[in-house]
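Structural description and commentary
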Amino acid sequence: MKQSVGNPSVYCKLTLGNTPPRQTKIVSTGPNPEWDESFAWSFESHPRGQKLHISCKNKSKMGNSSFGKVTIQIDRVVMLGAVAGGYTLLPESKSRPSRNLEIEFLWSNKQQPLQK
């Protein structure tokens, strides 16, 4: 993420289809936070048309303020197997700057082991 001011405490919430939302850890690493986290989803059928919704927020004592959000169509990831790049987080207010989020997607048909 780029163009943030100060040392924000930022986290992102990820929602894919009807699955329960996932959340990154909260990081306070300066103006360009890095998560270096992985998330995996399992599908019973091909996830055609599914969208990944990402909303990033700044957690503070005054409450949560939005850094922005982005919606990503995952069909391209399924077709290519791997996609990496930058996505623009659209701010909720036009007076706030947009920020970039770098993401790497990997698609696998392998079944994930069940967690105990």
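Being a predicted model, the structure only gives us computed values, none of them experimental.

Attention now goes to the overall build of the protein chain. Each helix and strand in the protein chain was counted, giving 1 helix and 6 strands. Out of the 116 residues in the protein chain, the part that is buried amounts to 30%. Within the protein chain, contacts between residues separated by at least 24 positions form 48% of all contacts whose residues are at least 6 apart in sequence.

Of all residues in the protein chain, 82% attain a pLDDT of 70 or more, and the chain-wide mean is 80. Within the protein chain, no element has a lower average pLDDT than strand β4 (residues 63–73), which sits at 83, and none a higher one than strand β2 (residues 22–23), at 94. Under a pLDDT of 50 for its full length, residues 1–5 has, in the predicted model, 27 contacts with residues more than four places off or in other chains.

What counts, and at which threshold
- Residues numbered from 1 in each chain as written.
- Predicted model: local features only at pLDDT ≥ 70, side-chain atom pairs only at ≥ 80, totals over all residues.
- Heavy atoms only, no water.
- Helix = DSSP H or I, 4+ residues; strand = E, 2+ residues; numbered from the N terminus.
- Buried < 20%, exposed > 50% of the residue type's maximum accessible area, 1.4 Å probe, protein only.
- Contact = heavy atoms within 4.5 Å.
- pLDDT = per-residue confidence, 0-100.

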